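Analysis of the macromolecular model
This is what each chain is made of:
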Amino acid sequence: MSVIIPNWPAPNNVKAFCSTRDGGFSVPPYDGLNVGMHVGDDPSIVTKNRDWLQQYCQMPSSPIWLNQTHSTRVIEVSQPSHKVLDADGLVTSTPRVVCSAMTADCLPVLITNIQGTRVAAVHAGWRGLAGGIVEQALDKFSDDVLIWLGPAIGPQAFEVGDEVRQAFCDYDSHAQRAFSATSNCGKWLADIAQLAQLRLAKIGIDQVVKSDLCTYQHDQQFYSYRRDGVTGRQACFIWIE
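What you are looking at is a predicted structure, and each value in this text was computed from that prediction instead of being measured.

**Some thoughts on the pairing of strand β8 (residues 107–113)**
Among the seven residues in β8, seven count as buried, and that is most of the element. Burial of the side chains of β8 extends over both faces: L107, V109, I111 and N113 are buried on one face and P108, L110 and T112 on the other. Here β8 runs beside strand β9 (residues 119–124); their pairing, made up of six bridges, is antiparallel. Note on β9: the bridge partner recorded for P108 is H123. Adjacent in sequence and paired antiparallel, β8 and β9 are bridged by five residues, among which G116 carries a positive phi angle near 75 degrees. By the bridge criterion, five bridges tie β8 to strand β10 (residues 145–149) in an arrangement that is antiparallel. If you follow I111 over to β10, its bridge partner there is I147.

**Examining the nonpolar core**
Soluble, globular proteins show a tendency: their nonpolar side chains are buried together. Counting 38 residues, the largest nonpolar core has V109, I111, I147 and F179 as the members making the most contacts within it. Considering every element that reaches this core, the biggest residue donor is helix α5 (residues 192–202), with six residues. Those residues in contact with I111 that lie beyond four places of it in its chain are W8, R118, V119, A120, V122, A137, L138, F141, V145, L146, I147 and I238. Among the nonpolar cores identified, the runner-up in size contains 26 residues, and A121, V209, C236 and I240 belong to it.

**Thoughts on the sheet that holds strand β13 (residues 187–190)**
If you trace the three strands from one edge of the open sheet to the other, you get β11-β13-β12, paired in antiparallel fashion. Each edge of the open sheet is held by one strand with a lone partner, namely β11 (159–161) and β12 (179–181). Strand after strand, the sheet turns through a mean of 45 degrees between neighbouring axes, direction not considered. Bridge count for β11 against β13 is three bridges, and the pairing is antiparallel.

**A few points about empty space enclosed by the protein**
Taken as a whole, this structure holds two cavities of 30 Å³ or more when the rule is applied. Taken as a whole, the largest cavity spans an internal volume of roughly 50 Å³. Lining of the largest cavity is provided by L129, V134, E135, A196, R199, L200 and I203. For the lining of the largest cavity, the secondary-structure elements that each account for two or more residues are α3 (133–138) and α5. Tallying contributions element by element places α5 first for the lining of the largest cavity, with three residues. Partitioned by chemical class, the residues of the lining of the largest cavity number five nonpolar, no polar and two charged. By volume, the second largest cavity amounts to about 30 Å³.

**Overview of the layout of surface pockets**
One number sums up the size of the largest pocket: a volume of about 670 Å³. If you go around the largest pocket, you meet 28 residues; those closest to its centre are H70, C106, H123, Y225 and R233. Counting only elements with at least two residues in the lining of the largest pocket, the list comes to β3 (66–67), β7 (99–103), α2 (126–131), β11, α4 (162–171) and α6 (225–228). In terms of residue class, the lining of the largest pocket is built from 14 nonpolar, eight polar and six charged. In this structure, the second largest pocket occupies an estimated 300 Å³ of space. Surrounding the second largest pocket, 16 residues form its lining, V14, K15, A16, C57 and W239 being those nearest its centre. When the residues that make up the lining of the second largest pocket are grouped by side-chain class, the tally is twelve nonpolar, one polar and three charged.

Thresholds applied
Residues numbered from 1 in each chain as written. Predicted model: local features only at pLDDT ≥ 70, side-chain atom pairs only at ≥ 80, totals over all residues. Heavy atoms only, no water. Buried < 20%, exposed > 50% of the residue type's maximum accessible area, 1.4 Å probe, protein only. Helix = DSSP H or I, 4+ residues; strand = E, 2+ residues; numbered from the N terminus. Pairing = 2+ DSSP bridges. Core = buried A, V, L, I, M, F, W, Y, C linked by side-chain atoms within 4.5 Å. Contact = heavy atoms within 4.5 Å. Axes fitted to C-alpha atoms, helices over the stretch in contact; angles between N-to-C directions. 1 Å grid on protein atoms, 1.4 Å probe; cavity = no way out; pocket = protein on both sides within 12 Å on 5 of 7 lines; lining within 4 Å. Points joined across faces, edges and corners; volume = space filled by probe spheres on them. Nonpolar A, V, L, I, M, F, W, Y, C, P; charged D, E, K, R; others polar.

As structure tokens, then:
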């Protein structure tokens, strides 16, 4: 098994990592460490993958899992829970509560304040990002933050239509720099990590670290819905020790 440790200057008591598809017990087309319970994989195998991941990464409790719907809903949590919550972001100030965000091309965003007393995990697809989910999460912080943008579909693979470009450019004209035209009329290649960074800059946040890892290009390391259709999910996790 291999996991990714964010390359950010987070406080020592804040623990975070991103799973990959390496290892695990799922068989094709979910082969590897699929943690998505909603994608058609055998639930007992997904549970085994999740349990193994929790043990391997020495999580202090079971992660809180989300039913993600590309919304802008961010929930505050104060204790571990086995209940699946309807939201696309989690925030906590309680030690040993593990926040999670599943992805398979969308952008995972991890947040901590510089004191290491408050953390968040956010699932940001283009709809959620354009709708302001990262800002919704940041509204729950009252001090300076650090942000890590995890593995997501890269700018060479994320083709979108005019409506996506317009949604971002209507909010911030600088967003146009994150799109490049393709040979297909009305289609653009979008850089979702750059779009997130631009939105953060607009509200004065510049302590942002990007993983620069593309889920689409690295098929042995990551699940990608855009690449494979039927596939598994990796996840990012964060907690306070």
